[in-house]
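Understanding the architecture of this molecule
Residues per chain, in single letters:
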Protein chains: 2
Amino acid sequence: MSFRGEQHPGVKTPTADSMGFRLNHTMLRVKDPEKSLAFYTGVFGMRVLRRLDFEELGFSLYFLAKLEEGEPVPEDAQERTVWTFRQTGLLELTHNWGTEAQDEFAYHDGNAEPQGFGHICFSVPDLEAAEAWFDASRVTFVKRSDQGRMKDVVFVKDVDGYWIEVVQADRLGALGS
Amino acid sequence: MSFRGEQHPGVKTPTADSMGFRLNHTMLRVKDPEKSLAFYTGVFGMRVLRRLDFEELGFSLYFLAKLEEGEPVPEDAQERTVWTFRQTGLLELTHNWGTEAQDEFAYHDGNAEPQGFGHICFSVPDLEAAEAWFDASRVTFVKRSDQGRMKDVVFVKDVDGYWIEVVQADRLGALGS
């Protein structure tokens, strides 16, 4: 590894203590898993690696990945759970049972006050093709690529209102300073 | 690809429209990047791939990755920006300039009300070693592996109070039902 990271105030050199750590997933609570699964599989092409149910605690977890062609995912469920927790870049959706039946129930997107979490981001090969696909899929836009001050950056909303940034990597080389 | 995803209500078969989509990053706003960078590089072993500054808008973005040994990261900054947006499993930290100087300023963790985003999760090779390392690093625990109803699952807080789940994959095969 020749590139060892940019140096900025605060940055430390990793030690052996964090060797093998991997950023496995990001967890978002969802109101209605049927709608969320339709969205993340149908529109963004993710697959459900594992659903884990916790009967006594009244919730289910769904682990989703954007699988590459030919990835050797174990067929056995327990082996696949272990495999799932070894990956990087997964999405975990948490469903607290019953929220889907409550008309007024809604989760907080983190961009309205109080702010915190901002968004997840997908990188796509062709931004205009993705925008056309989102339109065909009736996805709600926060901002199209030709709107606002950050050109070439798209924001859409998932079915709970969480923001999803969508970018095309090779158009962002000159981003920022 | 033999495994094509678990089937649950709502799940759809991905089409060619989402081919090449990758889950690139999760964005969290941070109050003081110097403290956040010390935490994510020093404790979790991440590297800063790119800082992007937006002078007119008054914010900076930091893209962090847990690099594997030997990953061919471009040295050239613009090439590295493009490379960054092609990866999966990154963390983006957003710093709105000036928040670090405001005593009372704090971001919302998503677990207190109003709920939404829950946590990010790192997978580690040895959970007890990781807990000892967090203690040595004076990291705040939400829950240790021997506490609560979900054994073998650790939660700590980052410097803004965002929750980080920490798990050891091969101890979770029997998780859920």
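About the cut-offs
- Residues numbered from 1 in each chain as written.
- Chains lettered and ligands numbered in written order.
- Predicted model: local features only at pLDDT ≥ 70, side-chain atom pairs only at ≥ 80, totals over all residues.
- Heavy atoms only, no water.
- UniProt positions renumbered as here; feature names shortened; annotations may be inferred.
- Helix = DSSP H or I, 4+ residues; strand = E, 2+ residues; numbered from the N terminus.
- Buried < 20%, exposed > 50% of the residue type's maximum accessible area, 1.4 Å probe, protein only.
- Contact = heavy atoms within 4.5 Å.
- Lys, Arg positive; Asp, Glu negative; His and termini not counted.
- Charge placed at Lys NZ, Arg CZ, Asp CG, Glu CD.
- Least-squares fit on C-alpha atoms with pLDDT ≥ 70 in both.
- 1 Å grid on protein atoms, 1.4 Å probe; cavity = no way out; pocket = protein on both sides within 12 Å on 5 of 7 lines; lining within 4 Å.
- Points joined across faces, edges and corners; volume = space filled by probe spheres on them.
- Nonpolar A, V, L, I, M, F, W, Y, C, P; charged D, E, K, R; others polar.
- Salt bridge = Lys/Arg side-chain N within 4 Å of Asp/Glu carboxyl O.
- Polar contact = N/O pair within 3.5 Å; in protein donor to acceptor, adjacent residues only side chain to side chain.
- Pairing = 2+ DSSP bridges.
- pLDDT = per-residue confidence, 0-100.
- Axes fitted to C-alpha atoms, helices over the stretch in contact; angles between N-to-C directions.
- Domains from an automatic or database assignment.
- Buried area = accessible area lost by both parts, 1.4 Å probe.

Going by the annotation in an unreviewed UniProt entry, the name recorded for chain A is Lactoylglutathione lyase, with Billgrantia pellis given as the source organism. Turning to chain A, the UniProt record has this under Pathway (unreviewed entry): "Secondary metabolite metabolism; methylglyoxal degradation; (R)-lactate from methylglyoxal: step 1/2." What the UniProt record of chain A gives under Function (unreviewed entry) is the line "Catalyzes the conversion of hemimercaptal, formed from methylglyoxal and glutathione, to S-lactoylglutathione."

Observations concerning the overall build of chain A
The helix and strand inventory of chain A stands at three helices and eight strands. Sequence-ordered secondary structure for chain A, helices as α and strands as β, is β-α-β-β-α-β-β-α-β-β-β. Expressed along its principal axes, the backbone C-alpha trace of chain A runs to roughly 50 × 45 × 40 Å. Burial statistics for chain A: of 177 residues in total, 58% are counted as buried. The long-range fraction of contacts in chain A, counting pairs at least 24 apart against all pairs at least 6 apart in sequence, stands at 60%. Here chain A holds 19 positive side-chain charges and 29 negative ones, and the gap between their average locations is 3 Å.

Concerning the relation of the copies chain B and chain A
Between chain B and chain A, the superposition needs a rotation of 180 degrees and an axial shift of 0.0 Å, giving an RMSD of 0.0 Å. These values place the two chain copies in the arrangement generated by a two-fold rotation axis. Taking C-alpha positions as the reference, the residue of chain B nearest the rotation axis is Gly 89 of chain B, at 1.9 Å. A shared interface surface links the copies, since 100% of the contact residues of chain B are contact residues in chain A too.

Details of empty space enclosed by the protein
Enumeration according to the criterion identifies three cavities of 30 Å³ or more in this entry. Taken as a whole, the largest cavity spans an internal volume of roughly 90 Å³. Every residue lining the largest cavity is counted, 14 residues in all, and those nearest its centre are Thr 26 and Gly 89 of chain A together with Thr 26, Gly 89 and Leu 90 of chain B. For the lining of the largest cavity, the secondary structure elements donating two or more residues are strand E1 (22-29) of chain A together with strand E1 (22-29) and strand E4 (90-96) of chain B. Partitioned by chemical class, the residues of the lining of the largest cavity number six nonpolar, eight polar and no charged.

Description of the interface of chain B and chain A
Counting from both sides, the interface comprises 97 residues of chain B and, opposite them, 97 residues of chain A. Across the chain B-chain A interface, the total number found is six salt bridges. Note that Glu 68 of chain A is salt-bridged to Arg 22 of chain B, the shortest N-O span being 3.3 Å. The tally of links between chain B and chain A comes to 49 residue pairs in polar contact (both at pLDDT 80 or more). Considered class by class, the residues forming the side of chain B that touches chain A number 47 nonpolar, 29 polar and 21 charged. With six bridges connecting them, E1 of chain A and strand E5 (residues 117-123) of chain B associate as antiparallel partners. Across the sheet, the residue bridging to Met 27 of chain A is His 119 of chain B, located in E5 of chain B.

Side note on the pattern of salt bridges
When the charged atoms of two side chains with opposite charge come close together, those side chains can pair. For the structure on display, the rule yields 14 salt bridges over all chains. Residue Glu 6 of chain B is joined to Arg 50 of chain A by a salt bridge in which the shortest nitrogen-to-oxygen separation is 3.1 Å. Of this pair, Glu 6 of chain B sits in the segment before E1 while Arg 50 of chain A sits in strand E2 (residues 47-54), on two different chains. Here Glu 6 of chain B and Arg 50 of chain A have matching classes, each one buried. For Asp 53 of chain A, the salt bridge is made with Arg 51 of chain A, and the minimal N-O distance between the two is 3.2 Å. A relative accessible area of 15% means that Asp 53 of chain A is categorised as buried.

A few points about the confidence of the model for chain A
Mean pLDDT over chain A stands at 96; residues scoring 70 or higher make up 99%. Reported confidence for the predicted complex is 0.97 by ipTM and 0.97 by pTM.

A word on the sheet that holds E1 of chain B
If you trace the eight strands from one edge of the open sheet to the other, you get E6(A)-E7(A)-E8(A)-E5(A)-E1(B)-E4(B)-E3(B)-E2(B), paired in mixed fashion. The open sheet has two edge strands, strand E6 (140-143) of chain A together with strand E2 (47-54) of chain B, and neither has a second partner. Within this sheet the neighbouring strands show an average axis-to-axis angle of 25 degrees, counted without direction. As judged from the three bridges shared by E6 of chain A and strand E7 (residues 153-157) of chain A, these two strands associate in the antiparallel manner. Counted as the bridge partner of Lys 143 of chain A is Phe 155 of chain A from E7 of chain A. Packed onto the sheet, helix H1 (residues 33-43) of chain B meets E1, E2, strand E3 (59-65) and E4 of chain B and runs at close to 165 degrees relative to E4 of chain B.

With respect to the domain arrangement of chain A
Residues and elements named next belong to chain A. Here chain A is partitioned into domain 1 (23-101) and domain 2 (109-171). At the interface, 14 residues of domain 1 touch 15 residues of domain 2. When the area that domain 1 buries against domain 2 is broken down by residue, the three leading residues are Phe 39, Val 43 and Phe 44, summing to 44%. One can count zero salt bridges joining domain 1 with domain 2. For the pair domain 1 and domain 2, the number of links is five residue pairs in polar contact (both at pLDDT 80 or more). Of all the elements, helix H1 (residues 33-42) adds the most residues to the side of domain 1 that touches domain 2, at five residues. Of the residues that constitute the side of domain 1 that touches domain 2, the class distribution is eight nonpolar, three polar and three charged.

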